Amino acid sequence: MRVVKDVREISTGGPALPSAPGAEQYLALDFADSAYALPGGHFIDLLGTPASTNRWLAERGLAPADAGVQEMCATQLRALREHIRALFAARVARRPALPAALAAVNDALSRTPTAPLLKWDDTNGPYRAAVCPPNEILDRALATLAADAADLLTGSDADFLTTCDSIPCNRYLIRHGRRHWCSTRCGDRARAARAYARAKAN
């Protein structure tokens, strides 16, 4: 399997996949799908390098474009992603969650306060503000992604969480109707595979 760490390095003959259904609503779904498999043994990781991780976070308002994400931060994000994917897999398969995955998500949730802090201006008095010093950027990103994953897993859309039905794609999506594909490209590939299997059987 060839691992492609940065989406700009893709050499598979086509553009990157569009967001899966539900990814616009749930940031955690977009996060879980930031690593995915393609035909031919290719594997795309949008968090594969510090630069691509910084770009992914910035595009989603989770970090400034000049945050200067380091490999240690990217590693922590990739680890949380795998734990969230494990929880998604457990929910889809209706099986118990891995304790380590639950612990990782809860740890991320507890890293930073979710409520704006109480501040005091000498002239205008008290006010609420969410402050985010540079050393808290990663913690806030982790907490935001973990909270969104928890919201998805405990909300009404959890029953519609599923995996893409096109091999080898490993992305998650929120199912609408009977659609089990994350993109038109995956749907076309699945239909072509079924047609080939029918033709071969006849």
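Model, not experiment: these values are computed from the prediction. (Residues numbered from 1 in each chain as written. Predicted model: local features only at pLDDT ≥ 70, side-chain atom pairs only at ≥ 80, totals over all residues. Heavy atoms only, no water.)

1. Thoughts on helix H5 (residues 137–154)
The cut-off we apply is this: Here a strand is any run of E in DSSP of at least two residues, a helix any run of H or I of at least four, and the numbering for each starts at the N terminus. Expected span, for any helix, means 1.5 Å times one less than how many residues it has. Buried, partly exposed and exposed residues are distinguished by accessible area as a fraction of the type maximum, computed with a 1.4 Å probe on protein chains only: under 20%, between the cut-offs, and over 50%, respectively. Contacts are assigned to residue pairs with any non-hydrogen atoms lying within 4.5 Å of each other.
When the terminal C-alpha atoms of H5 are compared, their 26 Å separation across 18 residues agrees well with the 26 Å that a helix rising 1.5 Å per residue should span. Listed in full, the buried residues belonging to H5 are Ile137, Leu138, Arg140, Ala141, Leu142, Ala143, Leu145, Ala146, Asp148, Ala149 and Leu152. Where H5 is buried, its residues touch helix H1 (27–32), helix H2 (50–59), helix H3 (71–93), helix H4 (99–109), strand E6 (161–163) and strand E7 (172–174).

2. Focus on the pattern of salt bridges
Using the following cut-off: Salt bridges, as used here, are contacts in which a Lys or Arg side-chain nitrogen is within 4 Å of a carboxyl oxygen on Asp or Glu.
Using the criterion set out here, one finds nine salt bridges in the structure. One salt bridge connects Asp45 with Arg81, and the closest N-O pair in it is separated by 2.8 Å. Note that Asp45 is positioned in strand E3 (residues 42–45) and Arg81 in helix H3, a separation of 36 residues in sequence. The pair Asp45 / Arg81 is uniform in exposure class, with both members buried. Several salt bridges converge on common partners, so that one network encompasses Asp30, Glu59 and Arg60.

3. Notes on the pairing of strand E5 (residues 125–129)
Operational definition: Strands are treated as partners if at least two bridges between them are detected by DSSP.
Two elements, strand E4 (residues 117–121) and E5, share five bridges in a ladder whose sense is antiparallel. Bridging from a neighbouring strand, Asp121 pairs with Gly125 of E5. Joining the antiparallel neighbours E4 and E5 is a turn of three residues.

4. A look at the environment of Leu62
Along the polypeptide, Leu62 turns up in the loop between H2 and H3. Measuring from C-alpha to C-alpha, the distance between Leu62 and Thr144 comes to 8.3 Å, with 82 residues separating the pair along the chain. Beyond its immediate chain neighbours, meaning those up to four positions away, Leu62 contacts Leu27, Trp56, Leu57, Ile137, Ala141, Thr144 and Leu145.

5. A word on the nonpolar core
It is characteristic of soluble globular proteins that their nonpolar side chains tend to be buried jointly. For clarity, the cut-off: As used in this record, nonpolar core signifies buried Ala, Val, Leu, Ile, Met, Phe, Trp, Tyr and Cys residues forming a set joined through side-chain atoms within 4.5 Å.
In terms of nonpolar packing, the biggest core is built from 44 residues, with Trp56 and Phe88 touching the most fellow members. Looking at this core, the elements with two or more residues in it are H1, strand E2 (35–38), H2, H3, H4, H5 and E7. Per element, the largest residue contribution to this core is eight residues, and it comes from H5. The contact partners of Phe88, leaving out residues within four places of it in the chain, are Ala28, Leu29, Ala32, Ala149, Leu152, Leu153, Leu161 and Tyr172.

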